[in-house]
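Reading the structure
What follows is the residue order along each chain.
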Amino acid sequence: METAIEIYRIHGASREFLYDFQNVIEDVKGYQRQNPHRLKLADMTEVEKELLRKEMLEKGLLG
């Protein structure tokens, strides 16, 4: 989603759209922080899953 907003910004999306989209991103991050047990990782090896979880912890996305 963060990559998408950058693409939208580059291609001239309106300020209102970018503002709303950023709010959606923040809502998703909040959900991820509050519900880490509900996050599902598709088609990844156990090593990839652990690396992703570590990255999310470092970024404060998981409690």
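1. What to know about the pattern of salt bridges
Counted under the stated rule, the structure contains four salt bridges. Of the charged contacts, one joins Lys29 and Glu2 as a salt bridge, the two residues approaching to 2.5 Å between their closest N and O atoms. Here Glu2 lies in helix α1 (residues 2-10) and Lys29 lies in helix α2 (residues 15-34), a separation of 27 residues in the sequence. Here Glu2 falls in the partly exposed class, since its relative accessible area comes to 46%.

2. With respect to the packing of aromatic side chains
Summed over the entire model, instances satisfying the criterion amount to three aromatic pairs. Between Tyr8 and Phe17, the aromatic rings sit 5.1 Å apart at their centres with planes inclined by 85°, giving edge-to-face as the arrangement. Exposure remark for Tyr8: the relative accessible area of 35% places this residue in the partly exposed category. Centre to centre, the rings of Phe17 and Phe21 are 5.7 Å apart; their planes meet at 25°, and the pair counts as stacked.

Analysis parameters
- All chains use their own residue numbering, which begins from 1 and follows the written sequence.
- Side-chain atom pairs in this predicted model are given and counted only at pLDDT of 80 or more, local residue features only at pLDDT of at least 70, and totals for whole chains, interfaces and linings cover all residues.
- Side-chain figures throughout are based on the complete set of non-hydrogen atoms in the structure, without hydrogens or water.
- Think of a salt bridge as a Lys or Arg side-chain nitrogen and an Asp or Glu carboxyl oxygen that are within 4 Å of each other.
- Working definition: helices are DSSP H or I runs of at least four residues, strands are E runs of at least two. Numbering for both runs from the N terminus.
- Whether a residue is buried, partly exposed or exposed follows from its accessible area with a 1.4 Å probe, protein chains only, as a fraction of its type maximum: under 20%, in between, or over 50%, in that order.
- To pair, rings of Phe, Tyr and Trp, with the six-membered ring standing in for Trp, must have centres within 6.5 Å; the planes then decide the type, stacked if under 30 degrees apart, edge-to-face if over 60, and tilted in the middle.

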